[in-house]
Amino acid sequence: MKGDAMTKLLYLECTSGISGDMCAAALLDAGASEEAVRRALESLPVEGFAVEISRVKKSGLDVCDFSVVLDAAHENHDHDMAYLHGHGGASEHGHGHDHGHAHDHDHAHGAPGGHHHRGPAEIAQIIDGAAMTDGAKAIAHRMFGFVADAEARAHGVPVGEVHFHEVGAVDSIADIMAAAVCLDNLAPDDVVVCRVAEGRGTVRCQHGLIPVPAPATAFIAEAAGLTLSPVDVEGGLVPPTGAAAAAALRTEAALPERFSIKAIGMGAGKRAYDTPGILRAMIIEPAE
């Protein structure tokens, strides 16, 4: 960590976990450009979604909410890569976005005529073609890389054979790209993530019960050396997009001993858990 008192740090306080949409919301609330986010998302060759940015109350606090709203043909009710699968089969672990649903999905949902599946190469093309800076593209590539590598390990297939279903990936694409644009726009010198709160127990997916953290989340945490802090909450607080955001954005694992706060952003989670359900992002400067 740079010692200059003018160093601009971003501190992500993940006491209620982290997800892609919470990250985008917190960074927008901390001052990132909504215009830049909308310009990037409107440029995507992906249909069937709209973005809503609003204010909501969480634990009595006024916080920002970033929501990807899918149309009727694309809504899957279980947003975080629910349709992701490995080699010729459905995902073994439905992660849930922030809704806490775990529905039994099949390929009958969605647009007429079947679904298109996007692999890592297609996702890379989407990122490269988006109306965003090279810096934001690099961040988005890094985030998706963590997710793809973790899903490949979870399913036991080469990373090139991991496929992101068109329907299930739409909102994860939007969440990750929004977070990447926001981080690039805020342009901190370093990003501090000390620890990430995670729940416990199991969550139900279409194939039965799986342990928390979900397999892809656990693999991302292992690969990136993320510190998980178990809290007394039944269920998962860190979907793979959240783990990927923490892993890809973090450059420091400890706060300076003293600092001043220059801006505060709070992003809303959507699960009704016994936590505040808020990701707080603070722009801070180390104090001499």
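In this report, the structure presented in the accompanying data block is examined. All values reported here derive from a predicted model rather than from experimental measurement.

## Here we look at the environment of F66
For step 1, the next point in the chain: Mapped onto the elements of the fold, F66 is located in strand β3 (residues 61-70).
For step 2, the next point in the chain: Between the C-alpha atom of F66 and that of A268, which follows or precedes it by 202 residues, the distance is 7.6 Å.

## Describing helix α6 (residues 215-224)
For step 1, the next point in the chain: When we look at burial in α6, the residues that qualify are A216, T217, I220, A221 and A224. Projected down its long axis, α6 carries its buried residues within an arc of 140°, all on one side. Exposed side chains of α6 directed beyond 90 degrees from the buried face belong to E222 and A223.
For step 2, the next point in the chain: Against α4 (134-155), β7 (196-200), β10 (228-234) and α7 (240-249) lie the buried residues of α6.
For step 3, the next point in the chain: After α6 finishes, the residue G225 shows a positive phi value of roughly 70°.

## Quick word on the packing of α6 against α7
For step 1, the next point in the chain: Contact geometry for α6 and α7: axes closest at 8 Å, N-to-C directions at 10°. In terms of their interaxial angle, α6 and α7 are classed as roughly parallel. Taking contact as the criterion, the partners of A216, T217, I220 and A224 in α6 are, on α7, P240, A243, A244 and A247.
For step 2, the next point in the chain: Residues belonging to the contact of α6 with α7 are distributed by class as follows: seven nonpolar, one polar and no charged.

## Quick word on the pattern of salt bridges
For step 1, the next point in the chain: If you walk through the whole model with that rule in mind, you get eleven salt bridges.
For step 2, the next point in the chain: The residue D65 makes a salt bridge to K270 at a minimum N-O spacing of 3.2 Å. Taken as a pair, D65 in strand β3 and K270 in the loop between β11 (259-268) and β12 (278-286) lie far apart in primary sequence, 205 residues in all.
For step 3, the next point in the chain: Residue K270 is classed as partly exposed on the basis of its relative accessible area of 24%.
For step 4, the next point in the chain: For E234, the salt bridge goes to R200, with nearest N and O atoms at 2.8 Å. Taken together, the residues span a long stretch of sequence, with E234 in strand β10 and R200 in strand β7 at a distance of 34 residues.
For step 5, the next point in the chain: Assessed through its relative accessible area of 46%, E234 is described here as partly exposed.
For step 6, the next point in the chain: In this structure, a network of salt bridges that share partners links the residues D21, D65 and K270.

## Let's talk about helix α3 (residues 120-128)
For step 1, the next point in the chain: Here α3 has its buried residues at I123, I126 and I127. When α3 is viewed along its axis, its buried side chains cluster within an angular range of 100° and face the same direction. Within α3, the exposed residues directed more than 90 degrees away from the buried face are A121 and Q125.

## Here we look at the packing of α4 against α7
For step 1, the next point in the chain: Axis separation between α4 and α7 bottoms out at 9 Å; the angle between their running directions is 125°. Relative to α7, α4 is oriented oblique. Every pair of crossing elements has a handedness; the one defined by α4 and α7 is right-handed. Counting all contacts with α4, which are made through I139, R142, M143, F146, V147 and E151, the residues of α7 involved are P240, A244, A245, A247, A248 and L249.

## What to know about the nonpolar core
For step 1, the next point in the chain: By size, the foremost hydrophobic cluster in this structure holds 77 residues, and its most contacted members are L12, L41, F49 and F66.
For step 2, the next point in the chain: For this core, the element with the most residues is helix α5 (residues 166-186), which contributes 13 residues.
For step 3, the next point in the chain: With five residues, the next largest nonpolar core counts Y11, V192, M282 and I284 among its residues.

## As for a nonpolar patch on the surface
For step 1, the next point in the chain: On the surface, F259, I261 and I264 cluster together into a nonpolar patch covering about 250 Å² of accessible area.
For step 2, the next point in the chain: Of the residues examined, F259 reaches a relative accessible area of 31% and is grouped as partly exposed.

## A look at the environment of S19
For step 1, the next point in the chain: Mapped onto the elements of the fold, S19 is located in the loop between β1 (9-13) and α1 (20-29).
For step 2, the next point in the chain: Sequence-wise, S19 and L237 are 218 residues apart; in three dimensions their C-alpha atoms are separated by 7.8 Å.

## Notes on the side chain of T241
For step 1, the next point in the chain: Topologically, T241 is positioned in helix α7.
For step 2, the next point in the chain: Side-chain polar atoms of T241 contact the backbone nitrogen of G20, separated by 3.4 Å.

## Digging into the environment of R204
For step 1, the next point in the chain: The residue R204 is located in strand β8 (residues 202-205) in this model.
For step 2, the next point in the chain: Considering only alpha carbons, one finds R204 and G235, 31 residues apart in sequence, at a separation of 9.4 Å.

Calculation rules
- Per-chain numbering applies: the sequence of each chain, read as written, is numbered from 1 onward.
- A pLDDT threshold of at least 70 governs which residues receive local features in this predicted model, and a stricter bar of 80 or more applies before side-chain atom pairs are shown or counted, although totals over entire chains, interfaces and linings include all residues.
- The side-chain numbers reported here are obtained from all heavy atoms of the structure, hydrogens and water having been left aside.
- Only DSSP runs of H or I with at least four residues qualify as helices, and only runs of E with at least two residues qualify as strands; both kinds are numbered from the N terminus onward.
- Relative accessibility under 20% of the residue-type maximum defines a buried residue, over 50% an exposed one, and the middle range a partly exposed one, all with a 1.4 Å probe and only protein chains included.
- Directions pointing from the helix axis toward each C-beta atom define the arc.
- Here, residues are in contact when the closest pair of their heavy atoms is within 4.5 Å.
- Note on geometry: axes are lines fitted to C-alpha atoms, helical ones only across the stretch in contact, with angles between N-to-C directions running from 0 to 180 degrees.
- Roughly parallel refers to an angle under 35 degrees, roughly antiparallel to one over 145, roughly perpendicular to one between 65 and 115, and oblique to any angle outside these ranges.
- Polarity classes work like this: nonpolar for Ala, Val, Leu, Ile, Met, Phe, Trp, Tyr, Cys and Pro, charged for Asp, Glu, Lys and Arg, and polar for all others, with Gly in that last group.
- Should a side-chain nitrogen of Lys or Arg be within 4 Å of a carboxyl oxygen of Asp or Glu, the pair is scored as a salt bridge.
- In this scheme the handedness of a crossing depends on how the near helix is turned from the far one: anticlockwise by less than a right angle means left-handed, clockwise means right-handed.
- Here, nonpolar core refers to any group of buried Ala, Val, Leu, Ile, Met, Phe, Trp, Tyr and Cys residues whose side-chain atoms link them within 4.5 Å.
- Without a salt bridge and with relative accessible area above 30%, a residue can belong to a patch; like charges are then joined within 9 Å and nonpolar side chains (Val, Leu, Ile, Met, Phe, Trp, Tyr) within 5 Å.
- For accessible areas, the Shrake-Rupley method is used with a probe of radius 1.4 Å. Any residue's cover is judged against the shown protein chains and nothing else.
- Between N or O atoms, a polar contact is any pair within 3.5 Å; within protein, one atom must be a potential hydrogen donor and the other a potential acceptor, and residues adjacent in sequence are included only when both atoms are from side chains.

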